[in-house]
Amino acid sequence: MGNRISDIGRARSRVEADSRYNNLAPKKIAKLGSEKNPAIIHVQSEARCKEMRAMFDQHGWKYRIDIEPDKPEDVGDLERLLHPQQPTVVKKKAGRNQPCPCGSGKKFKHCCGAN
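What counts, and where the lines are drawn
Residues numbered from 1 in each chain as written. Predicted model: local features only at pLDDT ≥ 70, side-chain atom pairs only at ≥ 80, totals over all residues. Heavy atoms only, no water. Phe/Tyr/Trp six-rings, centres within 6.5 Å; stacked < 30°, edge-to-face > 60°. Buried < 20%, exposed > 50% of the residue type's maximum accessible area, 1.4 Å probe, protein only. Core = buried A, V, L, I, M, F, W, Y, C linked by side-chain atoms within 4.5 Å. Helix = DSSP H or I, 4+ residues; strand = E, 2+ residues; numbered from the N terminus. Contact = heavy atoms within 4.5 Å. Expected span 1.5 Å × (residues − 1). Arc of directions from axis to C-beta. Polar contact = N/O pair within 3.5 Å; in protein donor to acceptor, adjacent residues only side chain to side chain.

**A look at the packing of aromatic side chains**
Link 1 in the chain: Under the defined criterion, the tally for this structure stands at two aromatic pairs.
Link 2 in the chain: Their ring planes at 70° and their centres at 6.1 Å tell us that F56 and W61 sit as a pair that is edge-to-face.
Link 3 in the chain: Overall, F56 belongs to the buried group, its relative accessible area being 0%.
Link 4 in the chain: Classification of W61 by relative accessible area gives buried; the value is 17%.
Link 5 in the chain: Considering the side-chain rings of F56 and Y63, the 4.9 Å spacing of their centres and the 25° angle between planes classify their relative orientation as stacked.
Link 6 in the chain: Y63 gets classed as partly exposed once you look at its relative accessible area, which sits at 26%.
Link 7 in the chain: Taken together, F56, W61 and Y63 form an aromatic cluster joined through their ring pairs.

Here it is, written out as structure tokens:
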């Protein structure tokens, strides 16, 4: 039979550790324009609102539009949906002992890699 007080302490520390881990874990966010994460834009007029609704409906995105005539337009979510960020591709660098990419026929360290 174990010591009940020490068992309670172990259980509490496990619960606290789990909650700390969950607080530090990155939050998973739904895709922009989906049911869980609709695009939110602010427009100044009803005509602009109709224009934006037509664009969202054409692409099948979920959205929320607020009409605020006294504030500037905020259509950042629409811009992100229309022009998604592309991943950057890094070119592989030539190694020190590889042929130089300039075409001289020398090793990179003796041609363009020399300081």
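There's more to say after this.
**Some details on the nonpolar core**
Link 1 in the chain: Counting eleven residues, the largest nonpolar core is built from A39, I41, V43, C49, M52, F56, W61, I65, V75, L78 and L81.
Link 2 in the chain: Breaking this core down by element, the ones donating at least two residues are β1 (39-43), α2 (46-59) and α3 (76-82).
Link 3 in the chain: The contacts of L81, once residues within four sequence positions are left out, are L32, G33, A39, F56 and W61.

**As for α2**
Count 3.6 residues to each turn of an α-helix, and residues three or four apart come out pointing the same way.
Link 1 in the chain: The end-to-end C-alpha distance of α2 is 20 Å, a good match for the 20 Å that 14 residues give at a rise of 1.5 Å each.
Link 2 in the chain: Those residues of α2 that fall on the buried side of the exposure criterion are C49, M52 and F56. Mapping the buried residues of α2 onto a view down its axis gives an arc of 70°, with all of them on the same face. For α2, exposure combined with an orientation more than 90 degrees from the buried face picks out A47, K50, D57 and Q58.
Link 3 in the chain: Looking at the buried positions of α2, the neighbouring elements they touch are β1, β2 (63-67) and α3.
Link 4 in the chain: Following α2 by one or two positions, G60 adopts a phi angle in the positive range, close to 80°.

**Details of the side chain of D77**
Link 1 in the chain: Topologically, D77 is positioned in helix α3.
Link 2 in the chain: Here D77 falls in the buried class, since its relative accessible area comes to 14%.
Link 3 in the chain: In terms of polar contacts, D77 uses its side chain to reach the side chain of R80, at 2.4 Å.

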